[in-house]
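Chain and residue survey
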Amino acid sequence: MFRNQYDTDVTTWSPAGRLFQVEYAMEAVKQGSAAIGIRSKTHVVLACVNKANSELSSHQKKIFKVDNHIGVAIAGLTADGRVLSRFMRSECINYGFTYESPLPVGRLVVHLADKAQVCTQRSWKRPYGVGLLVAGLDESGAHLYYNCPSGNYFEYQAFAIGSRSQAAKTYLERRFENFMDSSRDDLVKDALLAIRETLQGEVLKSSICTVAVVGVGEAFHILDQETVQHLIDSFEVVEEAPAAEPDAAAADQGVAAGGDQGAVAGGDQDVAPMDI
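Residues numbered from 1 in each chain as written. Predicted model: local features only at pLDDT ≥ 70, side-chain atom pairs only at ≥ 80, totals over all residues. Heavy atoms only, no water.

Going by the annotation in an unreviewed UniProt entry, the name recorded for the chain is Proteasome subunit alpha type, with Cephalotus follicularis given as the source organism. Database annotation for the chain, UniProt heading Function (unreviewed entry): "The proteasome is a multicatalytic proteinase complex which is characterized by its ability to cleave peptides with Arg, Phe, Tyr, Leu, and Glu adjacent to the leaving group at neutral or slightly basic pH." (UniProt positions renumbered as here; feature names shortened; annotations may be inferred.)

Here it is as structure tokens:
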């Protein structure tokens, strides 16, 4: 079976029961810059990598505020993400005008999934090439959803999408049992550590990442770079302190034996791909 016989139209099924245009859109999400979401009982934290494609350009915005109680992080085609975020804002405004209350997060996610699914059954449309992590707080508590280009949506305790997200997922899977009872600052710290896992050895700085928080008594907002850099410096100092003790002990042992200590040089790591 040749794939190019069945991928010219989103409504054409392959003999294996696959829609290749939808799978291509899901592949665009995997190629986008990483985005991570973590939730506890009271807070949800979103974090993403926002590296610029060139030293002469600014980075593309990857986290959008939808309402005071809802925000999204995207991975994939940023233009599609902006369109969907505007749609979500309109839904929140219309609901608030009609019912004079905030739109429940689950209902907004269903509307978003229905909009994405329509693009999988119309020959004159294409699927949205973007995945969205929707973070919100309503009467039933804190929520974190992932919306797929296929129209599927899932609620998660913690999730990562985008390029090299598997490394972040591995970190989150080791830590997720503690997330429900974590404080706001601990969630932000775990989100930054998960982002660092996707960089594959590159130094984590506030200039290449964005962090946003929503929770009880705290409207959705993006943390400023100074706050993020202070948090990064704090946990890096904690990690480096224990590591200095074995090095000192090894140095003392080498001096006693009269041997020379060798330095190990680390190789260059792969550079993260360009943002989609």
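**Focus on the UniProt feature "domain: Proteasome alpha-type subunits" (unreviewed entry) in the chain**
Taken from the UniProt record, the annotation "domain: Proteasome alpha-type subunits" (unreviewed entry) applies to residues 6–28. From the first C-alpha to the last, residues 6–28 spans 19 Å; its make-up is 39% helix and 0% strand. (Helix = DSSP H or I, 4+ residues; strand = E, 2+ residues; numbered from the N terminus.)

**Observations regarding helix 2 (residues 78–99)**
Across its 22 residues, helix 2 extends 31 Å between first and last C-alpha, which sits within 8% of the 32 Å expected from 1.5 Å per residue. Each element contacted by the buried residues of helix 2 is listed here: strand 3 (63–67), strand 4 (70–76), helix 3 (105–118) and strand 5 (130–138). Trailing helix 2 by a residue or two, Glu100 shows a phi angle of about 55 degrees, which is positive. (Expected span 1.5 Å × (residues − 1). Contact = heavy atoms within 4.5 Å.)

**Focus: the packing of helix 4 (residues 165–175) against helix 5 (residues 184–198)**
The interhelical angle for the contact between helix 4 and helix 5, taken along N-to-C directions, is 145 degrees, at an axis separation of 7 Å. Judged by the twist between their axes, the crossing of helix 4 over helix 5 is right-handed. Between helix 4, through Ser165, Ala167, Ala168, Tyr171, Leu172 and Arg175, and helix 5, the contact on the second element is made entirely by Asp190, Leu193, Ala194, Glu197 and Thr198. Class assignment for the residues of the contact of helix 4 with helix 5 results in six nonpolar, two polar and three charged. (Axes fitted to C-alpha atoms, helices over the stretch in contact; angles between N-to-C directions. Left-handed = near helix turned anticlockwise from the far one by under 90°. Nonpolar A, V, L, I, M, F, W, Y, C, P; charged D, E, K, R; others polar.)

**Details of unusual backbone geometry**
Here the phi dihedral of Glu100 falls at roughly 55 degrees; this positive angle occurs in a residue that is not glycine. Relative to the helices and strands, Glu100 is located in the loop between helix 2 and helix 3.

**Regarding helix 4**
Since there are 3.6 residues in each turn of an α-helix, residues three or four apart along the chain are aligned in direction. Within helix 4, burial applies to Ser165, Ala168, Tyr171 and Leu172. An end-on view of helix 4 places all buried positions within 120 degrees of arc, on one side of the element. Across helix 4 from its buried face, at more than 90 degrees, point the exposed residues Glu173 and Arg174. Turning to helix 4, the residues buried within the fold contact strand 1 (35–39), strand 8 (158–161) and helix 5. (Buried < 20%, exposed > 50% of the residue type's maximum accessible area, 1.4 Å probe, protein only. Arc of directions from axis to C-beta.)

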